[in-house]
Every structure is written in structure tokens, then in C-alpha cells.
Amino acid sequence: MAFSPEVAAAMPDQGQLNIPVAELQAEDLVGRKTIESGRHLARQGRWSELSRQMRAADDARESAPDGMPIADLLAFGARADVVLAVEHALSDWKALSDYDVLCGISELEDEMRDHEGDPMIALVVALAHIDLAWAWRGTSTGTKLPPLHQSRCAAHFDRAAAILPKCREAAPESPLVAAADCALLAGQRKSNIRVADKYERLITLDPHNQRHMRAMGTHLLPRWFGSYEELEVQALRNAARTHEIWGAGGYTWAQFDAIALDPEACARLDVEYFLEGLRDILRQRPDQETVNMLAAYCAITIQNGRGLNEKADEVRAQIHEAANWLIRDHMTELHPLIWAHAANGFNNSVRITSPERFAARGHRDALRAIGDLFREELRSGMDVTFTPSGLHLSGH
């Protein structure tokens with residue numbers, strides 16, 4: 001891991017806060033390079049090579065430092081030109097009138113026909129349709145979509161639903177295909193769909209990846225396909241199923257995003273078990289990416305929505321306190337991008353125009369949170385220094 005020079009935060013008191021900062025490039029490079037690789041292969045028409053790389057990464061369950069599957073990043077790169085062009089056209093009605101929104105996806109469909117029977121290429125096309133469905137759904141600020149948007153959104157979801165069964169048949173053990181199956185849930189109009197079953201299959205195929213458990217919890221909220229009761233039951237079941245890997249952490253991951261989004265879900269949380277899960281997660285993943293994510297979540301993300309539910313606020317306060325031991329006992333370096341994402345509730349759909357500015361905001365948020373934590377020490381004139389071997393407090 002590469003570092004920028006150690007940063008000393010200027011505190012309005014006598015002591016100094018010193019913490020090494022992981023370079024933005026080192027943290028973000030894997031994801032960006034992988035996306036660009038997928039984009040390059042698609043632009044060059046090297047679809048067989050793209051498929052080979054996706055399948056290898058999927059089989060090996062490879063992921064970037066933030067948990068994003070490498071195969072998923074390659075697939076995103078491969079469809080990015082098509083999806084971004086439509087998103088741009090939909091954001092500007094003049095551009096939309098000058099642009100054929102079906103042209104790009106038609107070319108992807110042609111590639112799928114040219115590589116019949118290849119589940120990875122078919123999957124890129126299915127995921128592109130899901131992205132385009134979201135693009136059409138997401139352009140209206142009103143509660144009701146215009147008829148054209150409704151029909152286009154439904155058509156793209158339906159086309160993805162028609163493609164995916166062939167992918168499942170050709171690659172039944174693929175986490176990437178199972179994850180796409182779960183992503184398709186957003187377009188389902190059937191009320192009897194068993195969301196938990198689809199996620200259970202995905203988590204069984206790739207139990208080490210926390211992103212799947214977090215997505216399951218979000219989709220089990222009442223605003224999507226579940227209920228508060230089902231969220232709790234499935235979080236407990238997830239902990240039992242993944243206990244050998246995560247301990248109680250399976251419960252924590254399933255509740256992680258759901259309780260940040262929904263005050264009632266937060267109020268109903270078994271907070272002691274959730275906190276036990278935080279410790280078990282760190283035993284499994286003591287790396288600094290995980291430490292920073294959990295610390296930022298407890299310090300910042302869980303504070304969103306305060307004041308809406310008294311019981312939830314009590315739960316938030318207990319989780320917020322966990323930032324203390326996470327930072328004091330486990331942190332050795334600062335990852336600004338992770339802290340920047342924490343302010344958005346780790347919302348992956350947030351578009352980042354300038355990673356440098358985004359990281360700078362995260363840097364400020366982190367120093368403020370850590371400074372608050374060590375306020376007494378800093379006021380008494382002590383220097384607070386994070387080192388690879390742990391925290392050092394020293395007087396002048």
C-alpha cells in the first residue's frame with residue numbers, strides 16, 4: 001500500500017493528530033483499471049477474451065479491495081459506453097431527440113447472437129438492459145413516470161428477464177449470474193417472488209463477499225419486497241448459514257445498509273448481536289479497508305436519519321460508540337474514499353465526477369470524527385499518532 005505523507009490535522013488545541021493517509025490511487029486503482037479493461041476489450045471487439053477473463057474471475061471469486069467482484073467490474077466496463085450514452089441522452093431532451101437510444105443495445109444484442117451459448121456475453125447484455133431500465137425509471141422526479149418511460153423501463157427489464165435463464169442454464173454455479181438474477185428483482189411485478197431464496201443462492205455461491213448480504217437486507221425492507229419481520233429472520237438465518245466464515249457477522253452484514261436506510265428497521269435491531277458481528281467481521285477481515293469502512297459506518301453513516309425514531313436513536317448511539325474501539329484499537333491508516341462514501345450511506349450509485357475532491361471531503365470528515373474521539377487527549381496537549389504497530393499517545 002502506498003501512502004501520501006503523514007498528515008497532521010491542525011486542531012484548535014495544543015496536541016496534534018497524525019495519521020498516514022492511503023493514496024487515492026492505490027485504493028481506487030483496481031476498480032478503475034478493471035472497468036477500463038472491460039471497456040477496452042469491448043471497443044476492440046475482443047469479446048471472446050472478455051468472456052474468458054470474466055469467467056476466470058467469476059470462478060475464482062476475485063474481488064477488488066472494496067468487495068466489488070472483478071467479473072462484475074469487467075462486465076460494467078464492457079457495457080459502459082452504451083449505458084452512459086443513453087443516460088446522457090435522457091438527461092438532455094435535445095440530445096435525446098438527436099440520439100437513437102436503441103442503437104447501442106442493438107449492437108450488444110448482435111454480439112450476443114454472434115457468441116451464442118456464451119453466458120458471460122449474454123450476461124453483459126442482460127445487465128445493460130437492467131441499467132437502461134433504471135435509466136428510464138430514474139429520469140422523472142415526480143412520483144409517476146411518463147408513459148414512454150414506463151414502457152421503456154418495463155421493456156428493458158423484460159428483455160433482461162428473457163436472457164438470464166440461458167445464462168443460469170449455461171453457468172449454474174456463477175455468482176455473477178446469481179447476482180444479476182437478484183438485480184432483476186427491481187423490475188419484477190409479481191408479488192409472490194421469493195427474494196430471500198434468490199439471495200440465499202447467491203450467498204451460498206459466494207459467501208465471502210459481504211456485498212451480497214448487504215443487498216439482501218436492503219431488498220428485504222418493506223419499501224422493496226419484504227417486511228421488518230422477514231429482514232430479522234433472514235439476517236439471523238444468514239448468520240447461521242455463514243457462521244463458519246463470519247461468526248455473527250452474517251447478521252451484521254444483512255442489517256448493515258437496511259438499518260441505515262430505515263429508522264423502523266434500526267429500532268427493531270438486536271443491537272448486541274449486531275455489535276458482536278462487528279467484532280467477528282474484524283476477526284475475519286482485519287485489513288485496513290474493512291477497519292475504515294466499519295469505523296466510518298459507525299462514526300458517520302449510522303448517524304443519518306437521527307431524530308425520526310426515538311428507539312432507533314438509542315440503537316444508533318450504541319453503534320456510534322463502537323467507532324471508539326474500532327479507531328483506537330484497529331486503525332493504523334486513513335482511507336479517505338471510504339469515509340467519503342460513508343456520508344452517502346455507501347450508496348454505490350453515487351456518481352463521482354472528481355475522485356480527488358470526493359476523497360478530500362472524506363479526508364475532512366474522517367479527521368473531524370477522529371479529532372472528536374480524541375478531543376480530551378488533544379486538549380490536554382497530547383499528540384495522537386497512528387502507526388503500523390498501533391496508536392501512540394505522547395505528551396510534549
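See the structure shown above.
Reading the values: rules and limits
- Residues numbered from 1 in each chain as written.
- Predicted model: local features only at pLDDT ≥ 70, side-chain atom pairs only at ≥ 80, totals over all residues.
- Heavy atoms only, no water.
- Core = buried A, V, L, I, M, F, W, Y, C linked by side-chain atoms within 4.5 Å.
- Buried < 20%, exposed > 50% of the residue type's maximum accessible area, 1.4 Å probe, protein only.
- Contact = heavy atoms within 4.5 Å.
- Phe/Tyr/Trp six-rings, centres within 6.5 Å; stacked < 30°, edge-to-face > 60°.
- Helix = DSSP H or I, 4+ residues; strand = E, 2+ residues; numbered from the N terminus.
- Lys NZ or Arg CZ within 6 Å of the ring centre and 35° of its normal.
- Expected span 1.5 Å × (residues − 1).
- Bend = angle between axes of the 7 residues up to and from the residue.
- Salt bridge = Lys/Arg side-chain N within 4 Å of Asp/Glu carboxyl O.
- Pairing = 2+ DSSP bridges.
- Axes fitted to C-alpha atoms, helices over the stretch in contact; angles between N-to-C directions.
- Parallel < 35°, antiparallel > 145°, perpendicular 65-115°, else oblique.
- Left-handed = near helix turned anticlockwise from the far one by under 90°.
- Nonpolar A, V, L, I, M, F, W, Y, C, P; charged D, E, K, R; others polar.

### Things to note about the nonpolar core
F274, Y297, I319 and W339 are the most contacted members of the largest nonpolar core, which has 69 residues in total. The contacts of F274, once residues within four sequence positions are left out, are Y251, T252, Q255, F256, I259, L269, Y297 and I319. Counting residues in hydrophobic clusters, the runner-up holds 49 residues, among them I105, M120, V125 and A160.

### So, the packing of aromatic side chains
Considering all chains together, one arrives at nine aromatic pairs under this definition. Taking the centre distance of 5.0 Å and the plane angle of 45° together, the rings of Y251 and Y273 count as tilted. Placement of Y251 in helix 13 (residues 249-261) and of Y273 in helix 15 (residues 271-284) is noted, with a sequence separation of 22 residues between them. The class for Y251 is buried, based on a relative accessible area of 0%. Connected via pairs of aromatic rings, a cluster forms that spans W246, W253, F256, F274 and Y297. Taking NZ or CZ as reference, R137 lies 4.9 Å from the ring centre of W134, over its face. Sitting over the face of the ring of W325, R279 holds its NZ or CZ atom 3.9 Å from the ring centroid.

### Some details on helix 13
Between its first and last C-alpha, helix 13 extends 19 Å over 13 residues, near the 18 Å set by a 1.5 Å rise per residue. At Q255, helix 13 is deflected by roughly 40°, the largest bend along its length. When helix 13 is considered as a whole, its buried residues turn out to be G249, G250, Y251, T252, W253, A254, Q255, F256, D257, A258, I259 and A260.

### Considering the environment of G395
Looking at the secondary structure, you find G395 in the segment after strand 4 (390-394). In the structure, G395 is positioned 13 residues away from M382 in sequence and 4.4 Å away in space, judged by C-alpha atoms. Sequence-distant contacts of G395, defined by excluding residues within four places in its chain, comprise G381 and M382.

### Here's the deal with the pattern of salt bridges
Taken as a whole and assessed by the stated rule, the structure comprises 23 salt bridges. Measuring nitrogen to oxygen at the nearest pair gives 2.8 Å for the salt bridge that ties R168 to D181. Of this pair, R168 sits in helix 7 (residues 147-170) while D181 sits in helix 8 (residues 175-183), and the two are 13 residues apart along the sequence. According to the relative accessible area criterion, R168 is partly exposed, its value standing at 35%. Between D262 and R223 there is a salt bridge, and its shortest N-O distance comes to 3.8 Å. You can see D262 sitting in the loop between helix 13 and helix 14 (263-267) and its partner R223 sitting in the loop between helix 10 (210-219) and helix 11 (228-241), a full 39 residues away along the chain. Here D262 falls in the buried class, since its relative accessible area comes to 6%. A cluster of three or more residues bridged by salt bridges with shared partners is formed by E36, R39, R43 and D81.

### Notes on the side chain of D131
Along the chain, the position of D131 falls in helix 6 (residues 119-137). Aside from chain neighbours lying at most four places away, what touches D131 is R79 and V83.

### Quick notes on the pairing of strand 2 (residues 17-22)
Each regular strand carries side chains that alternate between the two faces of the sheet. In terms of burial, strand 2 is largely enclosed, as six of its six residues are buried. Here strand 2 shows no split at all, with L17, I19 and V21 on one side and N18, P20 and A22 on the other all buried. When strand 2 meets strand 3 (residues 383-387), the two strands line up parallel, connected through two bridges. Bridge assignment links N18 to a residue of strand 3, and that residue is T385.

### Some words on the packing of helix 15 against helix 17 (residues 310-330)
Closest axis-to-axis distance for the helix 15/helix 17 pair is 10 Å, and the angle between their directions is 20°. Taken together, helix 15 and helix 17 sit at an angle that is classed as roughly parallel. Helix-helix and strand crossings are classified by hand; for helix 15 and helix 17 the assignment is right-handed. Every residue of helix 17 that contacts helix 15 at V271, F274, L275, L278, R279 and L282 is listed here: V315, Q318, I319, A322, W325, L326 and H330. Partitioning the contact of helix 15 with helix 17 into residue classes produces ten nonpolar, two polar and one charged.

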